[in-house]
Every structure is written in C-alpha cells, then in structure tokens.
Amino acid sequence: MHTEEKHIDEARQGEALMTAPTRNATKKLFLESYGCQMNFSDSEIVASILNNEGYQTTQKVDEADLILLNTCSIREKAEQTVRKRLGTLNAIKKQNPSLKIGVLGCMAERLKHKFLEEEHLVDIVVGPDAYRDLPNLINDVEDGRDAVNVQLSKEETYAEISPVRLGGNGVTAFVTITRGCDNMCTFCVVPFTRGRERSRDPHSILNECKELAESGYKEITLLGQNVDSYLWYGGGPKKDFKNATDIQKATAVDFAQLLDMVATQFPNIRLRFSTSNPQDMEEGVLQMMAKHKNICKYIHLPVQSGSTTVLERMNRQHTREEYFELIDKIRRIVPDCALSHDMIAGFCGETEEEHQDTLSLMEYVKYDFGYMFAYSERPGTPAHKKMPDDVLPEDKKRRLQEIIEMQQKHSAERMNSYVGKTHEVLIEGNSKRDENFWYGRNTQNAVLVFPKVEGTKVGDFVNVKANNCTTATLIGEMIED
C-alpha cells in the first residue's frame, strides 16, 4: 500500500463533512480536512465550537457563509493540494464577496501571515491550539481587522468540548488523548506546528467514550501524535512531569493504565490507538492488548528507516536493534498482532547500504501494510536547516519503488495468511464496489468485504470466513456463530 498522505481515510480526504444538527442555525459552514486523523478529529472540535455560534455544516460549497480548510504540512504535496484548492475557492469568492475563507491547522501555523497579507488567499488563519478563538476572529474579519491566531499552548486539550461527529458512519470515532509532540525528529514539522506534548484528563476521555457508547458507536480510536507517551499528572506539558509533586507522580496515569480503564469500562466497544512511537512503547501496553479482547490486535509503529545511522540523523531515539527487540516482544506477548509502518526513502545522506538496511528490516518484520514516501524537505525543520538534501531524485524514486514492491509482497503474504480463517468483523458500511456487499475490518485492521445477509446492519459484529484475498482486501462470507 502506498499513499502520499499519512493515516487518511481516503473516502473522507478533501470532501466536505456531513451536515450536523444545530439549534437556531442561521449560517452555513463548509469544512474540509486534509492529512492525518488528528486533523479530522480537530475538525469535529471546530464544528462544535462554531455550532454554538449558529453555524450549521453543509456539503454544498456554494451555499456556505464560511469555508474552513483544516490543513497538513507533513509533505510538500499536501501543501500544494491546499494551495490549489484555495485558488478554486477564491474564484467562488469573487462571485460572493461576503464569503469568508479560513485556513486551520498545521499549514496555518507554519505560514501564518503569508496566506493573509502576502498572497491574500484567506481571511482567517488559525493554528491548532487556537480554535476556541474562532468566533472572535470571525468578528475581527467582519470589522475589517486581521484575523490571525497561531499561538501555541502548553495547556490546551479541548478536553471539555464534545465534538460534533461529522462525515462518519456512526459506528467508528476518534477520541484525542494527547496533543503536540516532544520528539523533535529532524524531518518533522509537528513540534513546531502543534507545540509541546500534553495529555488530556482521563476522566474527560472516559466521559467522551461514554457519550459515544450511548450514541451507538462500536469502535473508538484513541488518538495522538504519540499515544504511548500519554501521561496525566494533573495537567501541563509532559516535559514538566519531573517537577510534579510526589502525590501527582504517585497518582499519574500512563497510557497502559488509560487503555485498561477504557477497555474495562466499555467491554463492548472495540478499541484502537494511533500513533505509536517505538521509543515510548512500554511492555505494559502490550500486556493490556493481550489482557483485553476488545483492544484490537494492531499497532501502527513508524520506523522511518531500517538503518541505525539514518535513525540517528533523524533523531529517532532508537536503534535498528532496539526496534527488532520491540518487534520480538510484540510477537511474543501479542502473537496475532498486525503491524504497519511509515518509511522515508532517501533521507539526507542516505547511502545505498543504509537503504539496504531498510529493506532487510522490512523483510524481518513483514508488515501488513505501510505508508511510504520519498523524503521532501520541510522548511523550518532541523534537517532543512542543517542537512543537505543530497540524495539524487532518481535514487529516491528507485529506492521508494523498491520499498513499495517489498511491502506489496509482504501485504500479499499477510493477507493470504488470513484466508481460510474466521474473523470477527464490525460492519462499517457498504462496499464501495458493490452495495450488495458489506465492508468492515477485523481486529488486525484488515478490510473484509462479504455478501449481505438479511437482518444484518451497520454496527453489527459478525463472523466472516475469508475465502480469498487481494493485496489489500479479504473476500469472504458470513457464517453462523
């Protein structure tokens, strides 16, 4: 599997989010999200904030009073996509001068006044920690003032805001548990666009999960830039935990404990989590996966490179050997666990030998699927400032293709290993190719399609025997319990 965007629900990228009910709605909001799952989750928070201001979301761009794009800076292509989209929207604005256009998220924080003052593409620029200020910024625009707030926060988690669930299937939902990142990987913009890592109050997480359960949701993904480093000790950045009181340290909740709390309180809800960082994944998390049937047996475990020397240049805080040890531990404690990865081809200074290390690591792990990219410089990152982007484009292209081909081989092997077995599947909706088939996923996050049986519906857990497969999909049939 190869994609140019990370962790994207492809059916939702670049599409307007579904209409959400509101009281006394007089204005229409067209909200579009790009990039990672965090952006989609943030869009639901934005919709909730503006819902209280009388905005109702719409799928029709031409009836909108306000258009907001929630943007991504992780790859150059993601930014190009947004710029192209803004050009199209500005053509609409010429026909409707009262229309307001805003950019949210990582691109907003990174480019700041450039969008507003130099290129005159938008009216509003709002960073990931400033969504509460949107009503004030909209008023600023209407009063003829600049509307920019990209200030980062050490405290903001939007903990008490109940997100408006948009564009989903009513069955699966995201619950954000951390914001920001402290890891400072040299290729990554996230610490600069989303700020310091801080965790959300576990009670607010449990309350949100309770609301979802009561609304009929059957699967929750606990979400963060780095979920394994979740640590609640009363609030504030994780880096300040060393200054916490003895009582705060004694009563702190880590990610394994949070998983245990959620899985125990909601045994009929299936749980996933993303994204994990190899250096922060503790054995306790694996023990909880083994303990609770409702925690899915799937980990997204980005490695970025199979070479220790490249990992050092990336400031990844783990070696090739340590990653192997973690993989071995996962296989031992959660033997049926599926694994996926992020991989960068052609990072600064990468030699052919280092590239071969990546291929040999992939051969060792045999991931179920992956997200693979050729390295592109991101302005403002340590790599951009201090390291030459010196791998030839043709070498990047070839190395990326070799990574993709190896992953395709492993994906086929992994999918074939599921054939002939019976899987518990959560029905998420109709198959895109045939409305007479259901679509769903098993605990390993593998997609299954199977003929509909009378009496089944979206949200049901059913047993499906996999009879065949492609490299990305299992094809099966429902069987009796």
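Residues numbered from 1 in each chain as written. Predicted model: local features only at pLDDT ≥ 70, side-chain atom pairs only at ≥ 80, totals over all residues. Heavy atoms only, no water.

Asker: What am I meant to see in the sheet that holds strand β14 (residues 298-300) here?
Answerer: The strands that make up a sheet pair up through hydrogen bonds in the backbone, lying either parallel or antiparallel. The strand order across the open sheet built from three strands is β14-β15-β16, with neighbouring strands paired in parallel fashion. Looking at strand neighbours, the two that pair on one side only are β14 and β16 (369-374), the edges of this open sheet. Taken over all neighbouring pairs, the strand axes of this sheet differ in orientation by 10° on average, direction set aside. Relative to β16, strand β15 (residues 338-345) runs parallel, the two sharing six bridges. Its bridge partner lying in β16, M343 is registered against M372. Seen against the sheet, helix α15 (residues 393-418) touches β15 and β16 and runs at an angle of roughly 175° to β16. (Pairing = 2+ DSSP bridges. Helix = DSSP H or I, 4+ residues; strand = E, 2+ residues; numbered from the N terminus. Axes fitted to C-alpha atoms, helices over the stretch in contact; angles between N-to-C directions. Contact = heavy atoms within 4.5 Å.)

Asker: Can you walk me through the nonpolar core in this structure?
Answerer: Side chains of nonpolar character tend, in soluble globular proteins, to be buried together. Grouped together as the largest cluster of nonpolar side chains are 54 residues, with contacts concentrated most on L222, F255, F273, M281, I299 and I330. Those residues within four positions of F255 in sequence are excluded, and the remaining contacts are I177, L222, V227, D228, Y230, F273 and V285. Counting 24 residues, the second-largest nonpolar core is a separate cluster that includes L29, I49, I138 and A147. (Core = buried A, V, L, I, M, F, W, Y, C linked by side-chain atoms within 4.5 Å. Buried < 20%, exposed > 50% of the residue type's maximum accessible area, 1.4 Å probe, protein only.)

Asker: Got a minute to help me understand the pairing of strand β17 (residues 422-430) in this structure?
Answerer: Residues in a regular strand point their side chains to alternate faces of the sheet. The pairing of β17 with strand β20 (residues 461-469) spans five bridges and is antiparallel. In the sheet register, E424 faces β20, and the bridge partner there is N463. Bridge analysis of β17 against strand β18 (residues 437-441) gives four bridges, and the strand direction is antiparallel. Bridging across to β18, I427 finds its partner in G440. Hairpin connection of β17 to β18: six residues between the antiparallel strands.

Asker: What is the right way to read the UniProt feature "binding site: [4Fe-4S] cluster 2" (unreviewed entry) in the protein from this model?
Answerer: According to UniProt, the "binding site: [4Fe-4S] cluster 2" (unreviewed entry) feature falls on C181, C185 and C188. With respect to the helices and strands, C185 occurs in the loop between β8 (178-179) and α6 (190-194). With a relative accessible area of 8%, C185 lands in the buried category. C185 has contacts with M314, N315 and R316, leaving out every residue within four places of it along the chain. Assignment of secondary structure puts C188 in the loop between β8 and α6. Its relative accessible area of 13% is what places C188 among the buried residues. (UniProt positions renumbered as here; feature names shortened; annotations may be inferred.)

Asker: Explanation requested: the packing of helix α7 (residues 202-214) against helix α9 (residues 255-265) in the structure shown.
Answerer: It is at 11 Å that the axes of α7 and α9 come closest, and there the two elements cross at 30°. One element, α7, and the other, α9, form an angle in the roughly parallel class. The way α7 lies across α9 gives a crossing that is right-handed. Seen from α7, the contacting residues are P202, I205, L206 and C209; seen from α9, they are L258, M261, V262 and Q265. Residues that form the contact of α7 with α9 fall into these classes: seven nonpolar, one polar and no charged. (Parallel < 35°, antiparallel > 145°, perpendicular 65-115°, else oblique. Left-handed = near helix turned anticlockwise from the far one by under 90°. Nonpolar A, V, L, I, M, F, W, Y, C, P; charged D, E, K, R; others polar.)

Asker: Is there a simple way to explain the sheet that holds β18 in this structure?
Answerer: With mixed pairing, the five strands of this closed barrel are ordered in space as β17-β18-β19-β21-β20. The average undirected angle you get between the axes of adjacent strands in this sheet is 50°. Relative to strand β21 (residues 473-478), β20 runs antiparallel, the two sharing five bridges. Following the sheet pairing, C469 is matched in β21 by L474.

Asker: Could you clarify how one ought to interpret the domain arrangement of the protein in this entry?
Answerer: Looking at the protein, the domain boundaries give domain 1 (10-149), domain 2 (172-416) and domain 3 (419-478). For domain 1 versus domain 2, the separation of C-alpha centres amounts to 28 Å. Regarding the contact of domain 1 and domain 2, the summed buried area is about 1,800 Å², with carbon and sulfur atoms giving 50% of it. The largest per-residue losses of area from domain 1 upon contact with domain 2 belong to Q37, M38 and R75, which jointly make up 37% of the total buried on that side. If you look at where domain 1 meets domain 2, you find four salt bridges. Measuring nitrogen to oxygen at the nearest pair gives 2.5 Å for the salt bridge that ties R198 to D129. (Domains from an automatic or database assignment. Buried area = accessible area lost by both parts, 1.4 Å probe. Salt bridge = Lys/Arg side-chain N within 4 Å of Asp/Glu carboxyl O.)

Asker: Would you mind going over the side chain of S48 with me for this structure?
Answerer: Considering the arrangement of structural elements, one finds S48 in helix α1 (residues 37-51). Here S48 is in contact with I161, S162, P163 and V164, once residues within four sequence places are set aside.

Asker: What's the story with α1 in this structure? I'm lost.
Answerer: Quick reminder: α-helices carry 3.6 residues per turn. Residues three or four places apart thus point the same way. Look at α1: 21 Å from first C-alpha to last across 15 residues, which is about the 21 Å you get at 1.5 Å a residue. When you tally the buried positions in α1, you get 15 out of 15 residues, the bulk of the element. (Expected span 1.5 Å × (residues − 1).)

Asker: Honestly, α15 in this entry has me stumped. Any pointers?
Answerer: Taking 1.5 Å per residue, 26 residues should reach 38 Å; α15 reaches 37 Å between its end C-alpha atoms and fits that length. Three or more residues of α15 are buried, namely K396, R399, L400, I403, I404, M406, Q407, H410, S411, R414, M415 and Y418. Immediately beyond the C-terminal end of α15, within one or two residues, lies G420, with a positive phi of roughly 90°.

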